[in-house]
Amino acid sequence: QVQLVESGGGLVQAGGSLRLSCAASGSIFRINAMGWYRQAPGKQRELVAVMLDGGSTNYADSVAGRFAISRNNTKNAVYLQMNSLKPEDTAVYYCNAHYQKYRSSLPVSSWGQGTQVTVSS
């Protein structure tokens, strides 16, 4: 099982910025996609941003233009630069990787433990 370790969460005032990092370790042949999801209290987990292996990205409408996802394929890492943060961005943010352990393996998904982001008004 691939392990994902996140860092970079914290408390910030509205309008501020944070950068989340996530690094994958373990036996990996190929990571097809890496992304970020979030879950606020009482709400379902939702996609924030994802980057596919070819570099294409997809953002939730609520964060488009404020957040930017990037990857370092050499390090099997993904980052989320969050700018102009709003109180409604408050949530636990989870890293996700969709990967193949071996060339012949079916893709599977792995999740990080989550990192809290709190935006005060």
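Structure report, in brief. (Residues numbered from 1 in each chain as written. Predicted model: local features only at pLDDT ≥ 70, side-chain atom pairs only at ≥ 80, totals over all residues. Heavy atoms only, no water.)

## Considerations on the side chain of Arg-66
Checked against the element boundaries, Arg-66 lands in the loop between strand 6 (57-59) and strand 7 (67-72). For Arg-66, the contacting residues outside a window of four places in its chain are Gln-81, Met-82, Asn-83, Ser-84, Leu-85, Lys-86 and Asp-89. (Helix = DSSP H or I, 4+ residues; strand = E, 2+ residues; numbered from the N terminus. Contact = heavy atoms within 4.5 Å.)

## Observations regarding the sheet that holds strand 7
Reading across from one edge, 1-3-8-7 is the order of the four strands in this open sheet, with antiparallel pairing throughout. Since the sheet does not close on itself, it has two edges, and those belong to strand 1 (3-7) and strand 7, each with one partner. Between one strand and the next, the sheet's axes are offset by a mean angle of 15°, whatever the strand orientation. (Pairing = 2+ DSSP bridges. Axes fitted to C-alpha atoms, helices over the stretch in contact; angles between N-to-C directions.)

## Quick notes on the pattern of salt bridges
Inspection of the entire model under this criterion finds five salt bridges. In this structure, Arg-66 and Asp-89 form a salt bridge, with 2.8 Å as the shortest nitrogen-oxygen distance. Of this pair, Arg-66 sits in the loop between strand 6 and strand 7 while Asp-89 sits in the loop between strand 8 (77-82) and strand 9 (91-100), and the two are 23 residues apart along the sequence. With respect to burial, Arg-66 and Asp-89 carry one shared label: buried. A network of salt bridges, in which partner residues are shared, links Arg-38, Glu-46, Arg-66 and Asp-89. (Salt bridge = Lys/Arg side-chain N within 4 Å of Asp/Glu carboxyl O. Buried < 20%, exposed > 50% of the residue type's maximum accessible area, 1.4 Å probe, protein only.)

Shape is all these values report; function is a separate question.
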